[in-house]
Amino acid sequence: MPSDGAEIDVLACDLDGTLMRVNTFPVFLRFCLGELLARRDLRGLVQLAGALARRKLLGGRHVDLKAATDAVAVRLGDEAVARWVASIAREQVNPAVADLVARWEGPRILTTAAPGAYAHGLGALFGFDAVHASGWRGGTYVENVYEAKVARLRDEGFEQVGCAVTDDPVADGPLLRVARSGLLVDAHGSVRAVGEGHREHR
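Residues numbered from 1 in each chain as written. Predicted model: local features only at pLDDT ≥ 70, side-chain atom pairs only at ≥ 80, totals over all residues. Heavy atoms only, no water.

Lys149, Val150, Arg152 and Leu153 are the residues of helix α7 (residues 147–155) that are buried. Around the axis of α7, the buried residues are gathered within 160 degrees of arc, so they sit on the same side. Opposite the buried face of α7, by more than 90 degrees, sit the exposed residues Glu147 and Asp155. Where α7 is buried, its residues touch β1 (11–13), β2 (108–115), β3 (130–137), β5 (161–166) and α8 (173–177). (Buried < 20%, exposed > 50% of the residue type's maximum accessible area, 1.4 Å probe, protein only. Helix = DSSP H or I, 4+ residues; strand = E, 2+ residues; numbered from the N terminus. Arc of directions from axis to C-beta. Contact = heavy atoms within 4.5 Å.)

This next bit is on the pairing of strand β6 (residues 179–185). Within a regular strand, the side chains alternate between the two sheet faces. The element β6 is largely enclosed, with a buried count of five among its seven residues. Where β5 meets β6, five bridges bridge the pair, whose relative direction is parallel. The residue bridging Thr166 from the neighbouring strand is Leu184, located in β6. Pairing geometry for β6 and strand β7 (residues 191–193), over three bridges, is antiparallel. Along β7, the bridge assignment pairs Leu183 with Ala193. Turn length for the β6-β7 hairpin, with the two strands adjacent in sequence and antiparallel, is five residues, and the turn residue Gly189 shows positive phi of about 90 degrees. (Pairing = 2+ DSSP bridges.)

Contact pair helix α1 (residues 24–39) / helix α2 (residues 42–58): the axes reach a minimum separation of 9 Å and the direction vectors enclose 150 degrees. α2 is crossed by α1, and the crossing has left-handed handedness. Residues Leu29, Cys32, Leu33, Leu36 and Leu37 of α1 lie in contact with α2, whose contacting residues are Gly44, Leu45, Leu48, Ala49 and Leu52. A per-class count over the contact of α1 with α2 returns nine nonpolar, one polar and no charged. (Axes fitted to C-alpha atoms, helices over the stretch in contact; angles between N-to-C directions. Left-handed = near helix turned anticlockwise from the far one by under 90°. Nonpolar A, V, L, I, M, F, W, Y, C, P; charged D, E, K, R; others polar.)

By size, the foremost hydrophobic cluster in this structure holds 44 residues, and its most contacted members are Leu15, Leu19, Phe28, Leu48, Tyr118, Leu122 and Val165. Setting aside residues no more than four positions away along its own chain, Leu48 makes contact with Leu29, Cys32, Leu33, Leu36, Leu65, Ala68, Thr69 and Val72. Core analysis: the second largest hydrophobic core is formed by 14 residues, Ile109, Val161, Leu176 and Val178 among them. (Core = buried A, V, L, I, M, F, W, Y, C linked by side-chain atoms within 4.5 Å.)

We now examine the layout of surface pockets. Where empty space is left can be seen by rolling a probe of water-molecule size over the atoms. Computed from the structure, the largest pocket encloses a volume of approximately 450 Å³. For the largest pocket, the lining is made up of 26 residues, of which Asp16, Asn23, His62, Lys66 and Ala113 are closest to its centre. Elements supplying a minimum of two residues to the lining of the largest pocket: α1, α2, α3 (62–76) and β2. A per-class count over the lining of the largest pocket returns 11 nonpolar, five polar and 10 charged. (1 Å grid on protein atoms, 1.4 Å probe; cavity = no way out; pocket = protein on both sides within 12 Å on 5 of 7 lines; lining within 4 Å. Points joined across faces, edges and corners; volume = space filled by probe spheres on them.)

Attention now goes to the packing of aromatic side chains. Under the definition given, this model contains six aromatic pairs. An angle of 70 degrees between the planes, with centres 5.0 Å apart, marks the rings of Trp84 and Tyr118 as edge-to-face. You can see Trp84 sitting in helix α4 (residues 78–92) and its partner Tyr118 sitting in helix α6 (residues 116–125), a full 34 residues away along the chain. Among the residues examined, Tyr118 registers a relative accessible area of 0% and is labelled buried. Their ring planes at 85 degrees and their centres at 5.4 Å tell us that Trp136 and Tyr141 sit as a pair that is edge-to-face. The class for Tyr141 is buried, based on a relative accessible area of 10%. Ring pairing ties together the aromatic residues Phe28, Phe31, Trp84 and Tyr118, which thus form one cluster. (Phe/Tyr/Trp six-rings, centres within 6.5 Å; stacked < 30°, edge-to-face > 60°.)

And the structure:
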């Protein structure tokens, strides 16, 4: 990426509730559990089910569940994950956001809290130039959330974003604040400029 990011008209687009109409993580989690069960992969099943139980019953950290899911995805293999990526992209894509991404003339970055195990596949499918997802960085599993999204962009030389697209102005508030313009996706999938009420963005 260029070092002078302030002059680059970059699009930073969220995944869940934005490019995809759903929260992809629980959908992928169910897919992983089903695949492991079908394959009778007891080790992987215990690993993922244990992480899920710690999260739901013991108040464990969400980031640990994501790390376990990423690890299990490796066991399932690229082909199985790619099939799931193609399926959810076909069934849950928001056409308005996908069209915006396709028409954007500058760099396009998918910035998401979703695990990299499948976020990278979705990014490639929709033509993003880079994917910033939750994953291992320097020996630590890091969630790409809140200010971390902005820090990740700055790590690649982008001090300011041309346009940020998200469904959550609170969680992605830091991202919107460094963007010259912001677009919000509502619960119906309509896209509008920040501050435009419910007028649909064209």
